[in-house]
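Reading the structure
Here are the chains, one letter per residue:
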Amino acid sequence: MSHIFIDEAFREVGAQLKTHSIFRVVYKTASSMTEVSGLDGESIFSEPFPVWRGVVQGDITSSIYFIPSLES
C-alpha cells in the first residue's frame, strides 16, 4: 500500500498529529538497498533507493501504521 494511502487512513481514523508527523518523517527518509551474491560469494549491494510503498520491516512502529489502513 502506498504511503499516501496510509497517510489518508490516519486522517480518517483521527490519529493524533504527533503520530502523523512521526510517520511522515520516517517514511519521507526511508530508503532500501538490494543485496545479491557475486560469483565469488561476496555480497554486492545496490545504490540506496527511496521506498514509496509498504512499511519498514522490523520497525516497531510499522504495525501502528498498518492498522489504520485496515480500518479505512
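On a predicted model such as this, the values are computed, not experimentally measured, just so you know.

Focus: the packing of aromatic side chains
Applying the stated criterion across every chain, the model contains two aromatic pairs. Ring geometry for Phe10 versus Phe23: centroids 5.5 Å apart, planes at 65 degrees, classification edge-to-face. Separated by 13 residues along the polypeptide, Phe10 in helix H1 (residues 3–13) and Phe23 in helix H2 (residues 17–28) bring together distant segments of the chain. Phe23 gets classed as buried once you look at its relative accessible area, which sits at 2%. Taken together through their ring pairs, the aromatic side chains of Phe10, Phe23 and Tyr27 make up a single cluster.

Observations regarding the nonpolar core
Of all hydrophobic cores here, the largest spans five residues; its members are Ile6, Phe10, Phe23, Tyr27 and Tyr65. Apart from residues lying up to four places away in sequence, Phe23 is in contact with His3, Ile6, Asp7, Phe10 and Tyr65.

Conventions and cut-offs
- Residues numbered from 1 in each chain as written.
- Predicted model: local features only at pLDDT ≥ 70, side-chain atom pairs only at ≥ 80, totals over all residues.
- Heavy atoms only, no water.
- Phe/Tyr/Trp six-rings, centres within 6.5 Å; stacked < 30°, edge-to-face > 60°.
- Helix = DSSP H or I, 4+ residues; strand = E, 2+ residues; numbered from the N terminus.
- Buried < 20%, exposed > 50% of the residue type's maximum accessible area, 1.4 Å probe, protein only.
- Core = buried A, V, L, I, M, F, W, Y, C linked by side-chain atoms within 4.5 Å.
- Contact = heavy atoms within 4.5 Å.

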